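In case you want the letters, here they are:
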2 protein chains.
Amino acid sequence: MNIGEASAQSGLSAKTIRYYEDISLITPPRDANGYRAFHAQDVHKLIFLNRARTLGFSIEECRDLLALYEDQNRASSDVKHIAQTHLQQIEGKITQLQDMHATLSHLIKECAGDNRPNCPILKGLSGNK
Amino acid sequence: MNIGEASAQSGLSAKTIRYYEDISLITPPRDANGYRAFHAQDVHKLIFLNRARTLGFSIEECRDLLALYEDQNRASSDVKHIAQTHLQQIEGKITQLQDMHATLSHLIKECAGDNRPNCPILKGLSGNK
DNA sequence: CATAAGGGTTCCAGTAACAGGAAGGTCAAG
DNA sequence: CTTGACCTTCCTGTTACTGGAACCCTTATG
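In this text, all values refer to a predicted model and were calculated from it rather than measured experimentally.

(A) Molecular detail of the protein's contact with DNA strand D. The environment of DNA strand D is made up of 18 residues, and the closest members are Lys15(A), Thr16(A), Arg53(A), Gly4(B) and Arg36(B). Sugar and phosphate atoms represent 70% of those atoms of DNA strand D found within 4 Å of the protein. Ser13(A) places a polar side-chain atom, nitrogen or oxygen, 3.0 Å from a phosphate oxygen of DNA strand D. Between DNA strand D and Lys15(A), the relevant distance is 2.4 Å, taken from a base oxygen to a side-chain nitrogen or oxygen of the residue. Mapped by element, the contributors of at least two residues to the surface near DNA strand D are α2 (14-22) of chain A together with α1 (3-10) of chain B. It is α2(A) that provides the largest number of residues to the surface near DNA strand D, a total of four residues.

Structure, rendered in structure tokens:
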């Protein structure tokens, strides 16, 4: 299977797949013509990577997860630990975004949004509350 | 006032301030010795930028906001429009993170987290639900 | 057989928003 | 005069790719 087919099956772009090979996340063999030769197992890895990335795992976290994915003797606690750490990061980001949301929607609410130059949003941003 | 003092008053690092000059967000004059000379007005701009960045506005959004900040004839509706667009982006990110959170916490919940190799998290990521 | 379309390949540059660090100029104090 | 704290510019690295150029391979068609 060439990279185009692997791309279609995994949902990752060819560019991304080449990049993943570049950073040694995957190591597909080559055909005589130099084309990458993907097999079902490689595609599974790509799908795995796609899902993990979609869930916000960083490339390095994906590398760890992939190593555990391939290790038949892994302990599920190792995986759980990575996932839990990541979940906490997600929670932190949500909290931060909610703070931003509250502040910004408060400023917007106070703004008339008309043709007059007086603007509470800019005032709020400049620190003159 | 030198960059160190401007940094202390604005809360931005000297590195960041130099970068902002690089991309023409600010244009402080220079003393005879080549040092940047900041005045109160420059510091106000830096504080403004710091707050806007903290609220998640991109540099380009900040550039627009700064132009409006300096324009005495601006309409508050212009500012409101930028802020509302940004608020929607924040809401989108929150939704996305909440989806990720739900999926991941579901996977974690199913995982025993012990020494056995069986791991529902990896199963979930590989697509074999 | 020539060629054109639609794959594939590598390599280089750019993105966002800075941070780190090197090499060197400046200034005030002791 | 030297020390140390500033300041300067310039170069590199970060994250996870995307876009584009230049070029090779394969297959179908006139």
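There is more to say after this.
(B) Main features of the protein's contact with DNA strand C. The environment of DNA strand C is made up of 18 residues, and the closest members are Gly4(A), Arg36(A), Lys15(B), Tyr20(B) and Arg53(B). Each atom of DNA strand C within 4 Å of the protein was classed as base or backbone; sugar and phosphate made up 67%. Taking Gly4(A), its main chain carries an N or O atom lying 2.4 Å from a phosphate oxygen of DNA strand C. At 3.4 Å, a backbone N or O of Ile59(B) approaches a phosphate oxygen of DNA strand C. Put simply, the parts of the chain that give the surface near DNA strand C at least two residues each are α1 (3-10) of chain A together with α2 (14-22) of chain B.

(C) Focus on the nonpolar core. Counting 74 residues, the largest nonpolar core has Leu46(A), Ile121(A), Leu46(B) and Ile121(B) as the members making the most contacts within it. Split by domain, the residues of this core number at least three in each of domain 1 (1-74) and domain 2 (88-129) of chain B.

(D) Quick look at the relation of the copies chain A and chain B. Turning chain A through 180° and shifting it by 0.0 Å along the axis lays it on chain B, with an RMSD of 0.1 Å. The two molecules are tied by a two-fold rotation axis, judged by turn and shift. In terms of proximity to the rotation axis, the leading residue of chain A is Ile94(A), whose C-alpha is 3.0 Å off the axis. Residue by residue, 98% of the interface of chain A is reproduced at the interface of chain B, so both copies engage with the same surface.

(E) Expanded view of α1(A). Residue and element names in this part refer to chain A. Within the sequence span of α1, burial applies to Ile 3, Ala 6, Ser 7 and Ser 10. Taken around the axis of α1, the buried residues stretch over an arc of 100°, which confines them to a single face. Close packing links the buried residues of α1 with α2 and α3 (40-54). One or two steps after α1, the chain reaches Gly 11, where phi turns positive at roughly 85°.

(F) Summary view of the packing of α1(A) against α3(A). All names here are of chain A. Following both chains from N to C, one finds α1 and α3 inclined at 45°, their axes separated by 9 Å at the closest point. Here α1 lies oblique to α3, going by the angle between them. Here the hand of the crossing between α1 and α3 comes out right-handed. Contacts from Ala 6, Gln 9 and Ser 10 in α1 reach Val 43, Leu 46, Ile 47 and Asn 50 in α3. Across the contact of α1 with α3, the residue classes break down as four nonpolar, three polar and no charged.

Calculation rules
Residues numbered from 1 in each chain as written. Chains lettered and ligands numbered in written order. Predicted model: local features only at pLDDT ≥ 70, side-chain atom pairs only at ≥ 80, totals over all residues. Heavy atoms only, no water. Near = heavy atom within 4 Å. Polar contact = N/O pair within 3.5 Å; in protein donor to acceptor, adjacent residues only side chain to side chain. Helix = DSSP H or I, 4+ residues; strand = E, 2+ residues; numbered from the N terminus. Core = buried A, V, L, I, M, F, W, Y, C linked by side-chain atoms within 4.5 Å. Buried < 20%, exposed > 50% of the residue type's maximum accessible area, 1.4 Å probe, protein only. Domains from an automatic or database assignment. Least-squares fit on C-alpha atoms with pLDDT ≥ 70 in both. Contact = heavy atoms within 4.5 Å. Arc of directions from axis to C-beta. Axes fitted to C-alpha atoms, helices over the stretch in contact; angles between N-to-C directions. Parallel < 35°, antiparallel > 145°, perpendicular 65-115°, else oblique. Left-handed = near helix turned anticlockwise from the far one by under 90°. Nonpolar A, V, L, I, M, F, W, Y, C, P; charged D, E, K, R; others polar.

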